[in-house]
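# Architecture and fold: a report
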Amino acid sequence: SEIVEAEKDATHNFFEQRGKPGKQAQVLEKLQAEAVTLLPHEEVIPEAQGHYMYFQRPTIDGYIQFGRYPKNEPEAEEVILDTSVPAKDTGSCSAGSAGSGFTDLLACKVSDDHNLLAYIVDVAGDDSFELYLRPLAGSGCAGTVCVPGIRSVEFIGQAKNVVNLLAVRTDDATK
């Protein structure tokens, strides 16, 4: 078909330009512009939780951003997780393929007090999931914690200055 032939030609031209960075960048820009048209364009309605509205949206490079804003203050938007960051980050908590450009986000949850973000990602594509616990703006907490080998997480309540969560660890042999 014409589409298949056009894709073959574009692939051939792309690889033919290896060693010519300017041309390769032009082709890459064209491919990214075409990919944007494949992303969902419908507006995702923000979800109310406590005194925040939570939302998600696709980025131009195919990743997802998770964000929030105080109710009735959309101009105070805060991106709480950009899934392109784990894909590009080289600070994986286990020896793996961090910085690979790949991100499989398994979970993204906010604690009941809206101060802690828990998310699980695989940045290698081999089901080597890592749980990240990160304080959100205004929480007064410091530092991100990473726990390798976690496949599921749920916040299960809290006491004063303590957040309880349930996490399921994967078995390396069976994953």
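All figures in this text were calculated on a predicted structure; none of them were measured in a lab. Throughout, residues of each chain are indexed from 1 in the direction in which the sequence is written. Since the coordinates come from a predicted model, pLDDT governs what is reported: local features require at least 70, and pairs of side-chain atoms require 80 or more to be given and counted, while whole-chain, interface and lining totals use all residues. Derived side-chain values reflect all non-hydrogen atoms in the structure, with water molecules and hydrogen atoms excluded from consideration.

To continue, consider the overall build of the chain. Along its length, the chain carries three helices and ten strands. Buried, partly exposed and exposed residues are distinguished by accessible area as a fraction of the type maximum, computed with a 1.4 Å probe on protein chains only: under 20%, between the cut-offs, and over 50%, respectively. Counting every position in the chain, which comprises 175 residues, the buried fraction comes to 28%. In the chain, 27% of the contacts between residues at least 6 apart in sequence involve partners at least 24 apart. The way it works is that DSSP assigns letters per residue, a run of H or I at least four long becomes a helix, a run of E at least two long becomes a strand, and they are numbered from the N terminus. Residue contacts follow a heavy-atom distance rule, with two residues in contact if any of their heavy atoms lie within 4.5 Å.

Before going further, it helps to examine the pairing of strand 3 (residues 64–70). Taking burial as the measure, the seven residues of strand 3 include six buried ones, the bulk of the element. DSSP bridges decide pairing: two strands pair if at least two such bridges lie between them. With seven bridges connecting them, strand 2 (residues 52–58) and strand 3 associate as antiparallel partners. Within the sheet, the bridge partner assigned to M53 lies in strand 3 and is Y69. Turn length for the strand 2-strand 3 hairpin, with the two strands adjacent in sequence and antiparallel, is five residues, and the turn residue G62 shows positive phi of about 90°.

What follows deals with the side chain of Q65. Note on placement: Q65 falls in strand 3. A polar contact of 3.3 Å, which involves the side chain of Q65, links it to the side chain of D82. Look past the residues within four positions of Q65 in its chain and what remains in contact with it is F55, Q56, R57, T59, V79, L81 and D82. What qualifies as a polar contact is a pair of N or O atoms within 3.5 Å, subject to a donor-acceptor requirement within protein and to the restriction that residues adjacent in sequence count only when both atoms come from side chains.

Attention shifts here to the sheet that holds strand 7 (residues 130–135). Taken together, four strands build an open sheet; the order of strands is 5-6-7-8 and the sheet is antiparallel. Each having just a single partner strand, strand 5 (104–110) and strand 8 (145–148) make up the two edges of the open sheet. Each strand axis lies, on average, 15° off the axis of its neighbour in the sheet, ignoring direction. Taken together, the six bridges between strand 5 and strand 6 (residues 116–122) define a ladder with antiparallel strand orientation. In the strand pairing of strand 6, L105 is matched with V121. Throughout, an axis means a line fitted to C-alpha atoms (over the contacting stretch in the case of helices), and angles, computed between N-to-C directions, take values from 0 to 180 degrees.

Positionally, S111 belongs in the loop between strand 5 and strand 6. Only 3.4 Å separates the side chain of S111 from the backbone nitrogen of N115, close enough to count as a polar contact. Among residues more than four places away in sequence, those in contact with S111 are L116, F155 and V163.

Bringing the nonpolar core into the picture now. What is meant by a nonpolar core is a set of buried Ala, Val, Leu, Ile, Met, Phe, Trp, Tyr and Cys residues, joined one to another through side-chain atoms within 4.5 Å. Formed by Y52, Y54, F66, I80, L81, V110, L117, Y119, V121, V123, Y132 and L136, the largest nonpolar core amounts to twelve residues. Sorting the residues of this core by element identifies strand 2, strand 4 (78–82) and strand 6 as the ones contributing at least two each. Of all the elements, strand 6 adds the most residues to this core, at three residues. Apart from residues no more than four positions distant in its own chain, F66 is found in contact with F55, Q56, E78, V79, I80, L81, T83, L105 and C108. Core analysis: the second largest hydrophobic core is formed by ten residues, A107, A118, I150 and F155 among them.

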